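Examining the three-dimensional arrangement
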Amino acid sequence: MATLSNVTLSAESIAAMPAAIEARDVKLYYGASQALKGITMTMREKLVTAFIGPSGCGKSTFLRCFNRMNDLIDNVRITGRIEIDGQDIYSKDIDVIELRKRVGMVFQKSNPFPKSIYDNVAYGCRLQGIKNKSDLDDIVEQSLRGAAIWDEVKDRLQSSALGLSGGQQQRLCIARAIAIKPEILLMDEPASALDPIATAKIEELIVELKKDFTIVIVTHNMQQAARISDQTAFFYLGELIEFDTTKKIFTNPAKQQTEDYVTGRFG
């Protein structure tokens, strides 16, 4: 498949872009066990940032820091600072529900609600108090179009979302996530359970969505990271080993450990 990333950006042009998420010396502990070891990095607006590394290296744990999903786990302690739009998201006056409206999430396993396709997409909007049917109709259509699934489901909006294929369910979950217009979209291995054709559709969709959203994706698939991301971060055993433009990570990494991983010598 041809490379999807529309333009290869230079390190200088990326560095000049506004910061979407800034992490400073982030450490995370599960009880006495340290899972993240002082992560510092800046993710830029309207770009795709990919996290790669072997299983258990801290990629998903770090991703879940950005919408405070780790708050739901017992005995988790986080130090350091994470800012979104210059605001420390772990400060005491942050409304976590509001934060999660701004930072949407798509999980590894598609998780449509046992409701109609329409009600899945409208769900978050109704929670926000949008009741007008014509407004909801517009949002549902725009979101399904945005997730590149409108043409496949427009004649069956009242049918159960559980009747969709795996790839369609995942795109529906993306439509549900973007319906409430977040600024940032987190994706935790969104295509790992899908076949190659469905995966290609998700990848094309991600490249299209970055026009409107900042996207951070965890992926085990290095070819996928190379195809769709602008920046790539390589994690190993809870440490950020290297973070740079995707082109540099895959063609001229600074660290031997990164080169060994991306060339398949370990991991």
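Please refer to the structure higher up on the page.
Numbering of residues starts from 1 in each chain and follows the order in which that chain's sequence is written. Thresholds applied to this predicted model are a pLDDT of at least 70 for local features of residues and 80 or more for the giving and counting of side-chain atom pairs; totals over whole chains, interfaces and linings are not thresholded and use all residues. To get the side-chain values, take all heavy atoms of the structure and skip hydrogens and water.

Another aspect to go through is the packing of helix α4 (residues 117-127) against helix α7 (residues 166-179). Between N-to-C directions, angles cover 0 to 180 degrees, with each direction set by a line fitted to C-alpha atoms, over the stretch in contact for helices. In DSSP terms, a helix is any run of H or I states spanning at least four residues, a strand is any run of E spanning at least two, and both are numbered starting from the N terminus. Running from N to C, α4 and α7 point in directions that differ by 25°, and their axes come no closer than 7 Å. Here α7 runs roughly parallel to α4, going by the angle between their axes. For the pair α4 and α7, the sense of crossing is right-handed. Between α4 and α7, the contacting residues are I117, N120, V121 and C125 on the first element and L172, A175, R176 and A179 on the second. Residues of the contact of α4 with α7, tallied by class, amount to 6 nonpolar, 1 polar and 1 charged. Roughly parallel here means an angle under 35 degrees, roughly antiparallel means over 145, roughly perpendicular means 65 to 115, and every remaining angle is called oblique. Put simply, a crossing is left-handed when the front helix is turned counterclockwise from the back one by less than a right angle, and right-handed when it is turned clockwise. By definition, residues are in contact when any of their heavy atoms lie within 4.5 Å. Any residue outside Ala, Val, Leu, Ile, Met, Phe, Trp, Tyr, Cys, Pro, Asp, Glu, Lys and Arg is labelled polar, Gly included; the first ten of those are nonpolar and the last four are charged.

By definition, the strands of a sheet pair up through backbone hydrogen bonds, in either a parallel or an antiparallel sense. Spatially, β2-β1-β4-β5 is the arrangement adopted by the 4 strands of the open sheet, whose pairing is antiparallel. Each edge of the open sheet carries a strand with a single partner, namely β2 (33-44) and β5 (87-88). Criterion used throughout: strands pair if DSSP finds at least two bridges between them.

Our focus in this paragraph is the sheet that holds strand β8 (residues 214-218). The strand order across the open sheet built from 6 strands is β6-β7-β8-β3-β9-β10, with neighbouring strands paired in mixed fashion. Looking at which strands have only one partner, the edges of the open sheet turn out to be β6 (103-106) and β10 (239-245). Going across the sheet, the axis of each strand differs from the next one's by a mean of 15°, ignoring polarity. In the packing of α7 onto the sheet, the strands contacted are β6 and β7 (184-188), and the crossing angle to β6 comes to about 170°.

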